[in-house]
Each structure stands twice: as C-alpha cells, then as structure tokens.
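Structural characterization, general
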Amino acid sequence: MTYIPHTDADREAMLKVIGVDSLAELFDAVPAEHRFPALGLPEGMSEMEVAWELGGLANSNVAAHHFAIFLGAGAYNHFIPSVVNHVLLRGEFYTAYTPYQPELSQGTLQAIYEYQSMMCALTGMEAANASHYDGATSLAEAVTVARVHYRGKRTKVILSPSVNPEYRAVARTYHQGSDMKFVGDKGNATIPDLIDMLDEDTALLVVSYPNFFGQIDELGGLAQAVHEAGALLCMVVDPIALGLFKTPGELGADIVVGEGQPLGIPLSFGGPYLGFFATNQTLVRKIAGRIVGETIDKNGRRAFVMTLRPREQDIRREKATSNICTNQGLMALAACVYMSVMGKTGLRKVAELCYHKAHYAAEQINKLDGFSVDTSKPFFKEFVVTCPKPVAELNDVLLDHWGIIGGYDLSQHYPDRANQMLLAVTEMNTKDEIDTLAEALSQHDTPHHHDHAH
Amino acid sequence: MTDETTTTTNGAPPPLEPLIYDLSSPGRTGAILPDPDVPEATLPDSLLRDRLDLPEVSEIDVVRHFLRLSRFNYSIDQGFYPLGSCTMKYNPKLNEDMARLPGFAQVHPLQDPSTNQGALALMHELQNWLAAISGMAGVSLQPAAGAQGEFAGILMIRAYHLANGDPGRNVIIVPDSAHGTNPATTAMAGLKVVEVPSDANGDVDLDKLREVCGDTIAGMMITVPNTLGVFERNIEAIIETIHGCGGLMYMDGANMNAMMGIARPGDLGFDVMHYNLHKTFSTPHGGGGPGSGPVAVGEKLLPFLPGPVVSVVDEGSEDEPPLYGLTMPEKSIGRLKAFYGNFGMLVRAFAYIAIHGAAGLKDVTQHAVLNANYIRARLKGTYPMPIDRICGHEFVCQGHFGADEKAGESGTESHEIHALDIAKRLMDYGFHPPTNYFPLIVPEALLIEPTETESKESCDAFVEAMLAIAKEAGENADLLHNAPLTTPVGRVDEVRAAKQLVLCCKPDIADVPSVDVPSVDVPPVVEPPAADLPTPDDSSLPAKQAEPDEGPEPKS
C-alpha cells in the first residue's frame, strides 16, 4: 500500500489496543449520510506509471533546455551551479519543518541567518527577513509595513507604472480590504511626476530598479524628496543587477523587495520562487515574516533562533502584522548556496555577462530595418524593441521556424506599447543565439525553415 | 558590542560551525563562469557599486559547510516527527524527481500557452482532483501557502457579500480553538473577528454560536477535525446556523489528512476551504516552505476565485487534445502572487494523488487516524486527555506533572514539569517533539500527529519514550528541566535574541567578532531512539536558566 507500512497483523493489534473492531468504526462521529463518499479519482498507479505519465506531460512543454530563450519580465533563465540542487536535496534540509525547535534546527537557522546576511550585503540594508512567497507578495507586505508604520494616518501609496504589473496587481489584491489607496501607475508617470504626487497623506513611494523595461532610472534626489514628504521609499530590485549597480541602501531606500528566483532557483513555470525583503533597523520590528537572530544557548555556545516572534500570527492572532507562517525556506537556502558559490567576484561576473550580452543584442537588433531599441536610459539585461508588427506574430515565427522563445509582449499590460517587445538576455544566451535572433527578426517577412536548437 | 557577547567568545564553547563568511579568503571563488563571447560594452561607471560583501569560498567549502549544517537539523528522513497540525508525513522521493524534470523546471511562466500545454494539463487535472476530494465546484491553485489560501477564502466571502449589496456583513466567527492564522487572516481582509468558545467536549458551543449570529455575520472559519483532533459532532448544526443567518462557511483544510475519502467538505455544506499540499499531499516542508495552499469553492463563490485559473479554451476533438489556457474568473478577487501558484509543489502533489488514487487516499486517512488513536490509547492513563474520545489524525494530551509538589520556599528547585520540558526531553530520546502549547484552550497541551507513514514499531518506540519521560518526571525533575542534553545546542536564550537583535553578520553593520575556531565535533541529531539513556552527571550541568518565553507553535 503505497507509503503506508502497516501489515494486517499490525492493524489487528492496533485496533485491539484502541478497542474498536474495524478501521471504519474510527469514523462514527462523521455524519452517516456523508460518510465514505466515492471520490471520482482515477485508480492508483505504480511508481513507474506515474513517472511515465509525468514524463510525457513534461516532454510536451517547450522548455529552455532545448530552446534559446529571450523571455524575462520577472522570471529569468540564469545559470544554476550544480552544487545548489545537491544541497537542496539533502533530506535533512528539505524534509525538516519550520525551525520552531532551535535545538533540532541549527542547520536551517544558521543557513537562514547567512541568507539574511548576504541579502543585507547585496542590498546595502541593515536587516532582511527569512523571505516571503515571491517578489510580488514582498511588495504587498512592504505596503503593509508602511500602513503599520503610520498607523493608518497616511494611506496613499504612489506606484511607478514601471513596477512589474503583476506586483502592482498583487499589492492591490492584498489591500482591497484595507484603507490603502494606490495611485500613480495608470499613465506614463516619470520619476519627477511621482515626486510631484508626494503629499502628507503619502505613506510609501515604490519604484523599480532596474525598472520593468530593464532601465536604470535617474534616482538621484528621489529618496530625499520622499523623506522630506515624511514618507517611505520602497525599491523593487533585480538581485543580479545588484552584482553591478549601486545598492538601494546607497540610494536611500527604506524598504527593498524583489524576486530572488534569479539566485539559483529554476523557472519552474512561475514557482516556487523567493520574495526577499530588506529594510533598516527603524522598521525591522514592524515587518512580517520570519527573522532569524543570533543568540547563545544555556552553555554560552553561539546559536540561532527565530526572533521577534511576538509579531507573528500564532501569538498576536488578529493583531498580527500579517497572517504569514511559511516563508520560502528551501528557496532561501538555494539563494544562500548560490550566493556562497558565486561569491564576491562570481556574482559581479554574472551581472557583467548579462550586461555585455544584452548590449550586444540591442546593438544587433537596433541595426535592423524597422526595429528600434529604446536607448534613452542606461539598461541592464532587458531592453525594449519597437517592432514593425505585433509581437505575438513575431514570436510565432521565432518559435516555429527558429527554435527561439521570443520576448514579452508589452501591449498585454501597456496598451500604448503596441508592437513593443521586452527582450531579456542573460549569461545563458550565447553569441550564436543572439546572432540567430537578430537574423530571424531581420527575415520576419520571409521566414525560411531554419531549424535552430542548442 | 556588549559584555555578554564577549563572554560568548571568551571561554564559551566554540560555535557548531563557522559562518560561511568566516571561511572566506580574499580572491577565492567557487563559480566557474565563461568569459564574454561578445564584444564588451562600456560599463556606466557612475552607476556602479564599490564593493560587494559576499563570501569568497571554493565549491568544496560550500559543499562541506552546508553538509555540516544539515547534520544539525532534525528531519522526517531521520525519524519520527509527530508535530501536531503539521502532518509531517514521508515525502516520496519520486516527487522530487518529477518536479525537477527539465520539461517542468525549465518552462518560463510567460511563454505562450501553446508551448506549455503539459504544465497546464497537469494543473487542470489537479484542479479537478482537488475539487473531487473536497466535493467542491472549483479550485484555484494560486495561493502559495495555507495562510494565503485562507486569505483568498476570506477575501472571496467579503467580495460575495459586497457583490450582493450587503456591505454590513463584516464579522467572521472563529472558534477559540482555531489556528492563529484564522483571526490574523480576517484582520488582513479588513473584517472583524468574533470568537466563540468550545464546550467541555471540544465542540463549538452551539448556544453561544447562535447568540452571536445575525445580519453582520460574513461567515465562519472552522477546522475539521478541529484543532483538538476531534470531528465536530455538531458540524451540520453549525453550518445550518451560519447559513441560516446569511453567512458562508470556511473550512480550514489543515487537517484534511483525517478527511480524505471519509467526508467531503462540500457535501457537509462548506462554501470554501483551502488545502495545504505540504501537509496532506506530501510536498516537503522545506524547513519552512515553500508551501502550497489551493483554495476550493462551491458554486456561489466560483466567480470570485483568485486567478488566473486553468480552463479548457478549446475542447479539441478525437484527433486533437483539448487546448488549455489561463483565464481570470469573472469577479475574481485578483492575483495573490505573480504567475500561477507554486507549480513545483503542484507537480509533487499530482504525483502523490496519481500514485494513490481514490482508494489509496482513503487508506492514507484511515491509517493516519489508526496511528493517532493507537498512540492515544497507549498514553491514556499516563498523560491526561482533556478530550477522551476517538480522535482524528491527531490528539491533544497534557504534559504537566508535579504541580502539587511545587516548591514554595526560596532556594528549593521546583519539581513541576511542563509540556516544554517533556518536549525538550523527547529530543534526547531521538524524537522531534509534538506541537506544544497549542491549541491555546488546553493548558500544557501536547498535540500529537503521527501520520500514516509511521509503522507500528515507530509508534511503539515513541510511546515508550513518552512513558519513560513520565516516569523521569516523578523521579528526576532536573533531568527534564535541563533537557535536551544530546542536541547540537542546549536550550537557547530567546530573550537575548530579541533584545540584542543581531540579524546579519555583514561586517560593516554588525561588528561580530571573528571566529577562529573550526567546527567542533558535535554528534548529529540522528540519534536512534535510545532505550537506555545515561543519567547525566548533575555536577556538569550549568545552573538552570530562566525559561524562554516560548510561544505556541502554529501550523504552516
């Protein structure tokens, strides 16, 4: 019986100790007319049959290991060193529960503490929590922190339209029952436009760095303006970009959130990912989610423990900042191993590879008739191309004839950006792939059957 | 830094394992990366950072560091983990392999749906299966964890009443035995909480429930079986009462491991529930996540489901399979996270349900309940049982001995033994302790959930340890007060952690003294259950410390 070890003799002996005659008798408290329903599920299968069925489903997907991929927009095909998955597959890590019992959880606790330390180093902030579900929910929780910080006296959140559209949607979902109002993201507001919206009701101003279009906005003076208005500044960041660019801490951010998926976590059709959250000492007691701190045990030995627990739902109940219990513990471990193995020079090198390859791709595509790349601002690993025809049509050609997963169609979320494609280039894209992409785009009117796969 | 920190490094035992930063050597790296194969672009100097304080270690440093750390954890793969309300069942290895298939792990969520039909077909099937198991009309796989599933459920109840032009319904009723997430979720959704008490049998007090019912009631959240581990005997009357006053019924699905093939929440009359795939459907807890908390609803709430959900957008034909797509329900409460849910967890849950089928899932529940009742029956008579009747997949007993011998005079040690002492002593016997101090309505609660994947032998070994500890409680209270004695670290100072708040070791922020001692040889926590534990030499034990203010343990 699958994973159930009981023999007939075991069952018999156990029922006898309990004092009942059958397994069915254990369920007498369940209303009789609803007891033991038929579930309408398929028959159980053997392990090999399940593996075949799932193998078939997996093989029917177009996946990055057979295709060149230039799609990003919030999830990225970055290199994952083998060591990351090998650590994750240690049963001691992945079959453990949340580390509520520190005596039996020092492995998880120290790894999270190291993760928090690395996130602080990466973002230039003073404190990081043990993670949220993903980048989008981290942003929603940042809004909650701002709400708690101002105790409802400031209710306006200014969102840059160049923050990931799904993140903005999630922040709104989270706060549909609260008094927070979201403004700023309906049109094409620039950073100076956002600054003009600051007032005494503003709790939080949110920008993305790089922004959703891959660009590094001019952020000098932003933090000062936000702080002069008495509000908080939240930056949504790409952790790989922080291998290269100035930290949000240097730029004056109060809260830094983002998607940690690029740090050693596979695309996996959108999850599980890793929402990171970093802030400064003044706000740390107001943030949601688990936090690991250093302490000592009764013998004075260094030990780690989940701390600031009284903020959490199991103790505060309806007065808790958030209902969150799980973090993305194993994903935080992946990021911790990734950043350890990449280290100071490796992460910088990954970021530089992205930068050089994205700029090479932009240059090649910008030369093509009918295509123009937005080079109005510095960019990192993504850039916007205005195309001569709808992006969906181009992507069909790229996939069907060139084996390329094309870029993101910006018109899906930005109606005035028809024919604009957001292309992502990472260290995983070879020069060959980039040249093939440029060639494919140049021939978009006369597709020939070029079977490209790597 | 304070004086206390100095004592940590002066004369205190060395750390279990250095921090990865302490293993750093300037210039070392574990990354093996290519040089650019394209012409290098000019970097924008004025925008670049000056320094990046990540560790500088080799790959083997990384492997050894994390392998050593892993040995300081307790895990299901090592032993029995009877953590009530958390369903720590075996996590099948097949599931890990399936989630890592490149055709799943390397699919980008924003690809055209025509290119990820396999992933969408899997999600569509799982939506149907979870609807079938719950007797509900529809499922959204979006929620990333149980708490997010709850949040989705309460937002849907709120949206339903608003859509009916009934904005005055802003109260959610929660029993006093509920998980802490229930009231926290309600508050997050902007609704108010009203608590109803349980009666002496552990059931919701129906009279009190009827008293609070009225036209402000949006709904009620209840766990089945409840957090005391028993099926509410009045469940139908409770549902009738809430529906009678215009509210909707939410079932917290944390305890679905006691329900599969036994009763369907939809049949009982529930309007909405969430699953915890990381409990019932064996996806690993991962040391605190990722979880997955799909939400299932009846007809009334179908239009409000969080999205996107997977739908059939073209039925197909005999020759063509159906075409799946992502759609937003008509009056959806919106997105709860980016993309579509924790897909990797969905693959694992799919494999788990596929291997079991309907009969296998019923077997799972029956044996989970068998194990719980067996341990309950064997501990009865030694540990007080506040609810003395057949339980579901878990039960609560009280870990409290020697209260009457409590020392009255100063200078004498108390012989009183608390649930925390028993929990900590179980570690010395090689077991993870049960959930303690939850549910809040039972003093000194130990909530024990063995799950179906433990054999009779495992259950017996745990019972023997519990009985031995009860005996020790009467004979040698200090032994329990000082427990655990065999774990990598002893009881930790939680007060100090919260007061000093050292949350990271970034050198330019926290001035943490360097650690020059290599890792020490501490036995890993994989101790087999010891039949005959040595009596500790009392003289070697440090003076008893103030007990940390340990909160109850929630679910996740």
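Residue indices begin from 1 for each chain and proceed along its sequence in written order. The lettering of chains begins at A and the numbering of ligands begins at 1, in the order of writing. This being a predicted model, a pLDDT of at least 70 is required before a residue's local features are given, and a value of 80 or more before pairs of side-chain atoms are given or counted; all residues contribute to the totals for chains, interfaces and linings. Remark: hydrogens and water are excluded; side-chain values derive from all non-hydrogen atoms of the structure.

Our next topic: the overall build of chain B. The helix and strand inventory of chain B stands at 15 helices and 12 strands. Whether a residue is buried, partly exposed or exposed follows from its accessible area with a 1.4 Å probe, protein chains only, as a fraction of its type maximum: under 20%, in between, or over 50%, in that order. By residue count, 64% of the 556 residues in chain B fall in the buried class. The Shrake-Rupley method, run with a 1.4 Å probe sphere, supplies the accessible areas, and residue values consider only the shown protein chains as cover. Carbon together with sulfur atoms contributes 49% to the accessible area of chain B, which is approximately 18500 Å² in total. Helix and strand assignments follow DSSP, with helices taken as H or I runs no shorter than four residues and strands as E runs no shorter than two, numbered in order from the N terminus.

Further remarks concern the packing of aromatic side chains. Residue and element names in this part refer to chain A. Two aromatic rings from Phe, Tyr or Trp, using only the six-membered ring of Trp, form a pair when their centres are within 6.5 Å; if the ring planes differ by under 30 degrees the pair is stacked, by over 60 it is edge-to-face, and anything between is tilted. Inspection of the entire model under this criterion finds 27 aromatic pairs over all chains. When the ring of Phe27 is compared with that of Phe36, the centres are 6.1 Å apart and the planes differ by 80 degrees; the resulting orientation is edge-to-face. Overall, Phe36 belongs to the partly exposed group, its relative accessible area being 29%. Charges are assigned to positions over rings by a cutoff of 6 Å between ring centre and Lys NZ or Arg CZ, combined with an angular limit of 35 degrees from the ring normal. Taking the ring centre of Tyr150 as reference, the NZ or CZ of Arg154 above it sits at 5.3 Å. Positioned above the aromatic ring of Tyr76, the side-chain terminus of Lys381 is 3.7 Å from the ring centre.

Axis angles are defined between N-to-C directions and span 0 to 180 degrees, where every axis is a line fitted to C-alpha atoms and, for a helix, only to the segment in contact. Taken N-terminus to C-terminus, the directions of helix α5 (residues 106-123) of chain A and helix α2 (residues 59-70) of chain B make an angle of 135 degrees; their axes are 7 Å apart at the nearest point. On the basis of their axis angle, the class for α5 of chain A and α2 of chain B is oblique. When α5 of chain A is examined against α2 of chain B, the residues Gly107, Gln110, Ala111 and Glu114 of chain A are found in contact with a partner set consisting of His65, Phe66 and Leu69 of chain B. Each residue gets one of three labels, nonpolar for Ala, Val, Leu, Ile, Met, Phe, Trp, Tyr, Cys and Pro, charged for Asp, Glu, Lys and Arg, and polar for the others, Gly among them. When grouped by side-chain class, the residues that make up the contact of α5 of chain A with α2 of chain B number three nonpolar, three polar and one charged. Any angle that falls under 35 degrees is termed roughly parallel, while one over 145 is termed roughly antiparallel, one within 65 to 115 roughly perpendicular, and all others oblique. Two residues form a contact once any of their heavy atoms are found within 4.5 Å.

Turning to helix α12 (residues 391-402) of chain A, a few remarks are in order. A helix is expected to reach a length of 1.5 Å times the quantity of its residues less one. Taking 1.5 Å per residue as the helical rise, α12 of chain A with its 12 residues ought to reach 16 Å, and the 15 Å between its terminal C-alpha atoms agrees with that figure. Gly403 of chain A lies just past α12 of chain A and shows a positive phi near 65 degrees.

Core analysis: the biggest nonpolar cluster contains 306 residues, and Phe66 and Phe281 of chain B have the highest contact counts within it. At 18 residues, helix α11 (residues 343-379) of chain B tops the list of elements feeding residues into this core. No fewer than three residues from each of domain 1 (68-77 + 344-442) and domain 2 (82-338) of chain A sit in this core. With residues near it in sequence (within four places) discarded, Phe281 of chain B still touches Leu130, Ile133, Met260, Tyr275, Asn276, Ala349, Tyr352, Ile353 and Leu361 of chain B. The criterion is simple. A nonpolar core is a set of buried Ala, Val, Leu, Ile, Met, Phe, Trp, Tyr and Cys residues joined through side-chain atoms within 4.5 Å. Counting 28 residues, the second-largest nonpolar core is a separate cluster that includes Ala361, Ile365 and Val373 of chain A together with Val38 of chain B. Each domain's limits were defined by an automated method or a database of domain assignments.

So, about the interface of chain B and chain A. Across the boundary between the two partners, chain B contributes 216 residues, which contact 188 residues of chain A. Once two parts are put together, the accessible area they lose, assessed with a 1.4 Å probe and summed over both, is termed the buried area. Carbon and sulfur atoms make up 65% of the surface buried where chain B meets chain A, a total of about 17400 Å² over both sides. The three residues of chain B that bury the most area against chain A are Arg49, Phe66 and Leu503 of chain B, which together make up 5% of that side's buried surface. Salt-bridge detection follows one rule: a side-chain nitrogen of Lys or Arg within 4 Å of a carboxyl oxygen of Asp or Glu. Taken together, the links from chain B to chain A amount to six salt bridges. Across the pair Glu166 of chain A and Arg335 of chain B runs a salt bridge, and its minimum N-O distance is 3.1 Å. Polar contacts, as used here, are pairs of N or O atoms within 3.5 Å; protein pairs need one atom able to donate a hydrogen and one able to accept it. Residues neighboring in sequence count only if both atoms are side-chain atoms. On inspection of chain B and its partner chain A, the count reaches 79 residue pairs in polar contact (both at pLDDT 80 or more). The greatest single-element share of the side of chain B that touches chain A, amounting to 28 residues, is contributed by α11 of chain B.

Residues and elements named next belong to chain A. Definitions used throughout: a 1 Å grid over protein atoms alone; a cavity as a set of points that fits a 1.4 Å probe which cannot get out; a pocket as an open set with protein on both sides within 12 Å along at least five of seven lines; a lining residue as one with an atom within 4 Å of a point. Grid points are joined across faces, edges and corners, and a volume is the space filled by probe spheres set on the points. For the coordinates displayed, the defined rule picks out 15 cavities of 30 Å³ or more. As for the largest cavity, its lining consists of 20 residues, of which Gly74, Tyr76, Ser208, Pro210 and Asp238 are closest to the centre. Of all elements in the fold, only β6 (232-237) and β7 (255-259) reach the threshold of two or more residues within the lining of the largest cavity. Residue composition of the lining of the largest cavity, grouped by class: 10 nonpolar, six polar and four charged.

What follows concerns the sheet that holds strand β11 (residues 372-373) of chain A. What holds strands together in a sheet is hydrogen bonding between their backbones, with the strands either parallel or antiparallel. All names here are of chain A. A sheet is described by the order of its strands in space; here four strands give the open sequence β11-β12-β15-β14, paired in antiparallel fashion. Each end of this open sheet is capped by a strand with a single partner; those strands are β11 and β14 (408-409). The pairing of β11 with strand β12 (residues 382-386) spans two bridges and is antiparallel. Across the sheet, Ser372 pairs through a bridge with Thr386, a residue of β12. In the packing of α12 onto the sheet, contacts are made with β14 and β15 (420-424), and the angle to β15 comes to roughly 45 degrees. A pair of strands is considered paired only if DSSP assigns at least 2 bridges between the two.

All names here are of chain A. Looking at the assigned domains, one finds that chain A contains domain 1 (68-77 + 344-442) and domain 2 (82-338). Here the C-alpha centre of domain 2 lies 28 Å away from the C-alpha centre of domain 1. Listed as interface residues are 30 residues of domain 1 and, on the opposing side, 30 residues of domain 2. In total, domain 1 and domain 2 occlude about 2200 Å² of area from one another, counting both sides; carbon and sulfur atoms represent 62% of this. Contact with domain 2 buries surface across domain 1, with Leu347, Phe380 and Tyr414 losing the most and accounting together for 26% of the total. As a salt-bridge pair, Lys381 and Asp238 come within 2.8 Å of each other at their nearest N and O atoms. With seven residues, helix α11 (residues 329-366) is the single largest residue contributor to the side of domain 1 that touches domain 2.

With that settled, consider the packing of α12 of chain A against helix α13 (residues 431-442) of chain A. All names here are of chain A. α13 packs onto α12 with a crossing angle of 120 degrees between their chain directions and a minimal axis gap of 10 Å. Overall, the two elements α12 and α13 adopt an arrangement that is oblique. Regarding α12 and α13, the two cross each other, and that crossing is right-handed. Along the contact surface, α12 presents Leu394, Leu398 and Trp402, while α13 presents Thr436, Leu437, Glu439, Ala440 and Leu441. What makes a crossing left-handed is the near helix being turned counterclockwise from the far one by less than a right angle; a clockwise turn instead makes it right-handed.

Glancing now at the side chain of His65 of chain B. Secondary-structure assignment places His65 of chain B in helix α2. We classify His65 of chain B as buried; its relative accessible area is 0%. Of the polar contacts made by the side chain of His65 of chain B, one reaches the side chain of Glu17 of chain B; its length is 2.7 Å. Filtering out sequence-adjacent residues up to four positions away, His65 of chain B remains in contact with Gln110 and Glu114 of chain A together with Glu17, Pro18, Leu19, Ile20 and Leu23 of chain B.

The next thing to look at is the pattern of salt bridges. Residues and elements named next belong to chain B. Inspection of every chain in the model, using the stated rule, returns 40 salt bridges over all chains. Across the pair Asp460 and Lys456 runs a salt bridge whose closest N-O atoms are separated by 3.1 Å. Taken together, the positions of Asp460 and Lys456, both in helix α13 (residues 456-475) and four residues apart, correspond to about one turn of that helix. Salt-bridge contacts for Lys471 lead to Glu475; the nearest nitrogen and oxygen are separated by 3.9 Å. Here Lys471 and its partner Glu475 are both found in helix α13, four residues apart, which amounts to about one turn of the helix. A single burial state applies to Lys471 and to Glu475, both of which are exposed. In the salt-bridge network here, residues are joined through shared partners; they are Arg378, Lys456, Asp460 and Glu464.

A separate point is the sheet that holds strand β11 (residues 435-436) of chain B. Residues and elements named next belong to chain B. The strand order across the open sheet formed by three strands is β10-β12-β11, and the pairing between neighbours is antiparallel. Sheet topology places β10 (395-398) and β11 at the edges, where each strand pairs with a single neighbour. One ladder, built from two bridges, connects β11 with strand β12 (residues 445-448); its direction is antiparallel. The residue of β12 that forms the bridge with Asn436 is Leu446.

On to the pairing of β12 of chain A, then. Residue and element names in this part refer to chain A. The element β12 is largely enclosed, with a buried count of four among its five residues. Across five bridges, the pairing between β12 and β15 is antiparallel. Following the sheet pairing, Phe383 is matched in β15 by Leu423.

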